[in-house]
Amino acid sequence: MCAHSFKDMREVLSNEPCAREGLLYGMGVGTTVAVLRIFKGRSLVSAGNWGIVAFGLVAVVAKKLCHFQYAHQSAKLNTLFEMRSKQAPNVKGFQHSATPATDSGADRSEKLLVAAAAAQARQRTYSHAAGGGQTLVEKIAQRHAVDLAEGEVVRSGDFIGIRPHHVMTHDNTGAVIPKFSSIGARRLADARQPVFALDHDIQNTSAKNQAKYAGIEAFAKTHGSKFYPAGRGIAHQVLVEEGHAWPGTMVVGSDSHSNMYGGVGCLGTPVVRTDAAAIWATAQTWWQAPPVAKVELRGELAPGVVGKDVIVALCALFANDEVLNHAVEFVGDGASALPVEDRLAIANMTTEWGALAGLFAVDDVTLRWYDARAERRASPIVNPDTVAKLRRDVAADPRRWAADPDAVYAKTLWLDLASLTPHVAGPDSVKIAEPLGELEPRRVRINKAYLLSCVNSRQKDLREAADVVRGVQRARGVPAKVAPGVAWYVAAASSQVLADAKDSGDWQVLVDAGATPLPPGCGPCIGLGVGLLEDGEVGISATNRNYKGRMGSKAAHTYLSSPAVVAASALQGYICSPETAITGTARSPPPARPVRYGSKLHAAQSTTAASADSAAASSGSAISGFPQSLSGRLVFLPADNLNTDGIYPGKYTYQDDISRDQMRAIVMENYDPEFARLVNPEDVVVAGANFGTGSSREQAATAILAAGVRLVVCASASETFKRNAVNNGLLVLESPVLVAWLRAAFPDAPLTAVTGLTANADLVGGKIALADASGSTVFETALPKVGKAAQEIIVAGGLENWVRNRMATQS
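Residues numbered from 1 in each chain as written. Predicted model: local features only at pLDDT ≥ 70, side-chain atom pairs only at ≥ 80, totals over all residues. Heavy atoms only, no water.

**Looking at the overall build of the chain**
Stage number 1. Scanning the chain from N- to C-terminus turns up 30 helices and 29 strands.
Stage number 2. Looking at the chain as a whole, 64% of its 811 residues are labelled buried.
Stage number 3. Expressed as a percentage of contacts within the chain between residues at least 6 apart in sequence, the contacts between residues at least 24 apart total 78%.
Stage number 4. In the form shown here, the chain has an accessible surface area of approximately 27700 Å², with 52% of it arising from carbon and sulfur atoms. (Helix = DSSP H or I, 4+ residues; strand = E, 2+ residues; numbered from the N terminus. Buried < 20%, exposed > 50% of the residue type's maximum accessible area, 1.4 Å probe, protein only. Contact = heavy atoms within 4.5 Å. Areas by Shrake-Rupley, 256 points an atom, 1.4 Å probe, with all protein chains shown as cover.)

And the structure:
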């Protein structure tokens, strides 16, 4: 046994700047180690301890790892302008209705480069203070860390081995099972750890889907793991109800909305399918403690303003990647005053905000919520005895359950809840929102309304919607009904929520008003089942995402709001307030009242992920089979926040038999249907900021590979997407400076722009040069370097193949 393998790897990362900085920029090396540990101490290799051999291999390559390092990162800003930057090229052959800038663009380019440099500098900051206390995220991660040295304290930026309390998979369990088997695993390391809950495609009663569900149930039964069938509810809600997501623990899920567990003081964060397979086999994985942002919620919400309004407003007010790839801790008197249901909604949608986790501290509100559940819905985990013990634990050691007073944060954001009014996000983006009072006078007509999803279909949400219906009936003296031409769909978050809503009468009120009931599950939110938006339709939804095409046609438009606003809009036929629905007349817009908010970056207490150490790194070399460079047509996708629904539509996500050719035909379908026609194999795709945000579906990466693209360069990328990309052999590198230059050169670029430029990327040396049709270099800048560990994964065609190859050579 290699008892200190995690510790040894961490020492390599601590002592080798090249290795440390390479890993800080992702590329899935943490995942590599996690999967390698599948073989540590397991009887998967008949002779010898393959885990020790595998770890030795990874340690060796890590010592030489130099990928994802920005040359000159820590130099002064004017270093940027030492790069060759000619005037915007006069390029011929620019396709898809766009033209490059006609003037020199020098001033604009300079301003964009300055802005890009500033964004790059603040994009990810990690606290490395010598002293100071821990954040709550760091404390919970510390309790789940393995192989720490005695007295070692987990800090943001540290790579640690973790043993999560649970790992959740849902319908995607069907795709994880073959991964688990293909890497040689035969049994679960800890049968108690996995939790399987079917929730996404439960309206699909085809023989094929039912066989898939039966296979998942059989797998769970064989291994003795917890299984919740279709109809029990949305996995995230079920984990909270059943106590699997327990306060003070760390739970990961192969779903991007695992952040939701933070509403009950459980550190929830997403992993990808390959990670889930690794945890099944080893009970452990690697995790980088993210930078932590403190969000102070001040004051109390006014009547009619709820948690959904808070997170919708935060997504719009801080819409420039302020919390991208961070964990968020909610504090302040405003946070303490929020009910658990609102905390769950806020934590859930920190995913859309760009965060990897959203966490509320356990307090008396949390404990009283558990008291009520233990009394009404006792379970093996949530019962009077376990809740009483939780109370004793919190009382005995309050410091364990909250951040230290001197905890070090990357930044602080604040929002005055008392200044907040109901907000509506959209259309088609969570980063765009406005007060309902300003939107309502425009009388935006709707065709469909949705009260469902893991963010907003708990009993409190259904009651608030039903109260709007009751209010209309009391005011008008006649039964309230859905407006003509509007279809309203409602689904409870779980079977328990449904039962409680029926007992209270809320469910029947909604159904009597004309809402169409759907089974407890994801359904239309993921674009599956009945009730999807059709071409030209407009929907108002209490869900968490309104990306184009997610809930149906990409030619439809979707707004997000609270459940009460959804109910009011369904009754009136246009987006309006509950007051308008009850009175039957539109109210006058209230006087403008600005929302009060602000931020502070704690730059003095943090260092950027790409530190000055990386500037001294050598160029390195390419291993056999790995290209020193890649060249191809530059295809520019100028949009920021291009999400996984845009790259690979949700309606295909759980069709496990889609071929590579079919993937190529549908890639970017919800973003730009022309992309599949315009892109050629070996093209270099350059995209905007926060690329690959959204869900954790790995097909977003494999569909790009299916199109023949091997390299994506973007201003920034979702950590989950990057993890999926390297697991499947796709390179994703970040260069905000390159993207800023392209935006200056092509200010009117369409959704997919074949620029007429050739991109020449030096993957090992760390730079990219753009050439025009004559072959002349028009721009050149630094790229992150791809080190040996990542090279081996790419050459193998992904992490699973990498592991299998090593098994074949070492067994």
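**Here we look at the pairing of strand E9 (residues 285-288)**
Stage number 1. A two-sided burial pattern is seen for E9, the buried positions comprising Thr285 and Trp287 on one face and Trp286 and Gln288 on the other.
Stage number 2. Both strand E3 (residues 159-162) and E9 contribute to a ladder of 4 bridges, which runs antiparallel. The residue bridging Phe159 from the neighbouring strand is Gln288, located in E9. (Pairing = 2+ DSSP bridges.)

**A short note on unusual backbone geometry**
Stage number 1. The amide bond that connects Gly426 to the next residue, Pro427, takes the cis arrangement and shows omega of 5°.
Stage number 2. As for its placement among the helices and strands, Pro427 is situated in the loop between strand E14 (423-425) and strand E15 (433-435).
Stage number 3. With phi around 70°, Ala283 is a residue other than glycine that occupies positive phi space.
Stage number 4. Its location among the elements puts Ala283 in the loop between helix H10 (273-282) and E9.

**Section: the nonpolar core**
Stage number 1. In terms of nonpolar packing, the biggest core is built from 43 residues, with Leu462, Trp488, Leu510 and Ile575 touching the most fellow members.
Stage number 2. Elements with a contribution of two residues or more to this core: helix H17 (436-439), strand E16 (448-451), helix H18 (459-476), strand E17 (487-490), helix H19 (495-504), helix H20 (506-512), strand E19 (538-541) and helix H21 (563-572).
Stage number 3. With 40 residues, the next largest nonpolar core counts Val713, Ala715, Leu731 and Ala745 among its residues. (Core = buried A, V, L, I, M, F, W, Y, C linked by side-chain atoms within 4.5 Å.)

**Some points on the pairing of strand E10 (residues 292-298)**
Both faces of the sheet carry side chains from a regular strand, because those side chains alternate between them.
Stage number 1. Sheet analysis places E10 next to strand E11 (residues 327-331), joined by 5 bridges and oriented parallel. Bridging from a neighbouring strand, Glu296 pairs with Val331 of E11.
Stage number 2. The sheet contact formed by E10 and strand E13 (residues 411-416) spans 6 bridges and is parallel. Looking at the pairing, Lys294 lines up with Thr412 of E13.

**Side note on helix H26 (residues 699-706)**
Stage number 1. Of all the 8 residues making up H26, 8 are buried; the element is thus mostly covered by neighbouring parts of the structure.
Stage number 2. Among the residues of H26, Gln699, Ala700, Ala701, Thr702, Ala703, Ile704, Leu705 and Ala706 are the ones counted as buried.
Stage number 3. Residues of H26 that are buried make contact with H10, helix H23 (644-647), helix H24 (660-666), strand E25 (711-714) and helix H27 (719-727).
Stage number 4. Just downstream of H26 lies Gly708, where phi reads positive at about 90°.

**What about the sheet that holds strand E26 (residues 731-734)?**
Stage number 1. An order of E26-E25-E24-E23-E27-E28-E29 is seen for the 7 strands of this open sheet, with the pairing classed as mixed. Looking at strand neighbours, the two that pair on one side only are E26 and strand E29 (777-782), the edges of this open sheet. Along the sheet, successive strands turn relative to each other by an average axial angle of 30°, direction set aside.
Stage number 2. Bridge count between strand E24 (residues 684-687) and E25: 4 bridges; the pairing is parallel. Among the inter-strand pairings, Val684 is bridged to a residue of E25, identified as Leu711. (Axes fitted to C-alpha atoms, helices over the stretch in contact; angles between N-to-C directions.)

**Comments concerning the pattern of salt bridges**
A side chain of one charge can pair with a side chain of the opposite charge when the charged atoms of the two come close.
Stage number 1. Evaluation of the coordinates by the stated rule reveals 38 salt bridges.
Stage number 2. A salt bridge links Arg232 to Glu242, with the shortest nitrogen-to-oxygen separation between them at 2.9 Å. Of this pair, Arg232 sits in the loop between strand E6 (226-228) and helix H9 (235-242) while Glu242 sits in helix H9; the two residues are 10 residues apart in sequence, bridging distant segments of the chain. Accessibility assignment for this pair places Arg232 and Glu242 in one class, buried.
Stage number 3. The closest approach of N and O atoms between Arg391 and Asp371, which form a salt bridge, is 2.7 Å. Taken as a pair, Arg391 in helix H16 (residues 384-396) and Asp371 in helix H15 (residues 364-376) lie far apart in primary sequence, 20 residues in all. (Salt bridge = Lys/Arg side-chain N within 4 Å of Asp/Glu carboxyl O.)

**Considerations on the sheet that holds E3**
Stage number 1. Strand order in this open sheet of 3 strands is E2-E3-E9, and the pairing throughout is antiparallel. Strands at the two margins of the open sheet, each flanked by one partner only, are strand E2 (145-146) and E9.

**Examining the packing of H18 against H21**
Stage number 1. It is the contact of H18 with H21, at a shortest axis distance of 7 Å, that shows an interaxial angle of 40°. With respect to H21, the element H18 is oriented oblique. In terms of crossing hand, the pair formed by H18 and H21 is right-handed. Note on element contacts: H21 touches H18 through Pro563, Ala564, Ala567, Ala568, Leu571 and Gln572, opposite Asp461, Glu464, Ala465, Val468, Val469, Val472 and Arg476.
Stage number 2. For the contact of H18 with H21, the class distribution of residues is 9 nonpolar, 1 polar and 3 charged. (Parallel < 35°, antiparallel > 145°, perpendicular 65-115°, else oblique. Left-handed = near helix turned anticlockwise from the far one by under 90°. Nonpolar A, V, L, I, M, F, W, Y, C, P; charged D, E, K, R; others polar.)

**Here we look at the environment of Phe227**
Stage number 1. Mapped onto the secondary structure, Phe227 falls in strand E6.
Stage number 2. Judged by relative accessible area, Phe227 falls into the buried class, the value being 16%.
Stage number 3. Taking the C-alpha atoms as reference points, Phe227 and Glu217, separated by 10 residues in sequence, lie 6.6 Å from one another.
Stage number 4. Those residues in contact with Phe227, other than ones at most four positions away along the chain, are Phe196, Leu198, Ile216, Glu217 and Ala220.

**Side note on the side chain of Lys411**
Stage number 1. Assignment of secondary structure puts Lys411 in strand E13.
Stage number 2. Buried within the structure, Lys411 lacks any salt-bridge partner; its nearest side chain of opposite charge belongs to Glu322, at an N-O separation of 7.0 Å.
Stage number 3. At 2.6 Å, the side chain of Lys411 and the backbone oxygen of Glu322 are in polar contact. (Lys, Arg positive; Asp, Glu negative; His and termini not counted. Polar contact = N/O pair within 3.5 Å; in protein donor to acceptor, adjacent residues only side chain to side chain.)

**Looking at the packing of aromatic side chains**
Stage number 1. Scanning all chains against the criterion turns up 14 aromatic pairs.
Stage number 2. Between Phe196 and Trp280 the ring centres are 5.5 Å apart and the planes differ by 80°, which places this aromatic pair in the edge-to-face class. Of this pair, Phe196 sits in strand E5 (residues 194-197) while Trp280 sits in helix H10, and the two are 84 residues apart along the sequence. Trp280 carries the same exposure label as Phe196, and that label is buried.
Stage number 3. Plain terms: the ring middles of Trp741 and Phe779 are 4.7 Å apart, the flat faces sit at 20° to each other, and that makes the pair stacked. One end of the pair, Trp741, is in helix H28 (residues 736-745); the other, Phe779, is in strand E29, and 38 residues separate them in sequence. Across the pair, exposure class does not vary: Trp741 and Phe779 are buried alike.
Stage number 4. Its end group placed over the ring of Trp401, Arg400 keeps NZ or CZ at 6.0 Å from the ring centre.
Stage number 5. Directly above the aromatic system of Tyr574 lies the positively charged group of Arg443, at a separation of 4.1 Å from the ring centroid. (Phe/Tyr/Trp six-rings, centres within 6.5 Å; stacked < 30°, edge-to-face > 60°. Lys NZ or Arg CZ within 6 Å of the ring centre and 35° of its normal.)

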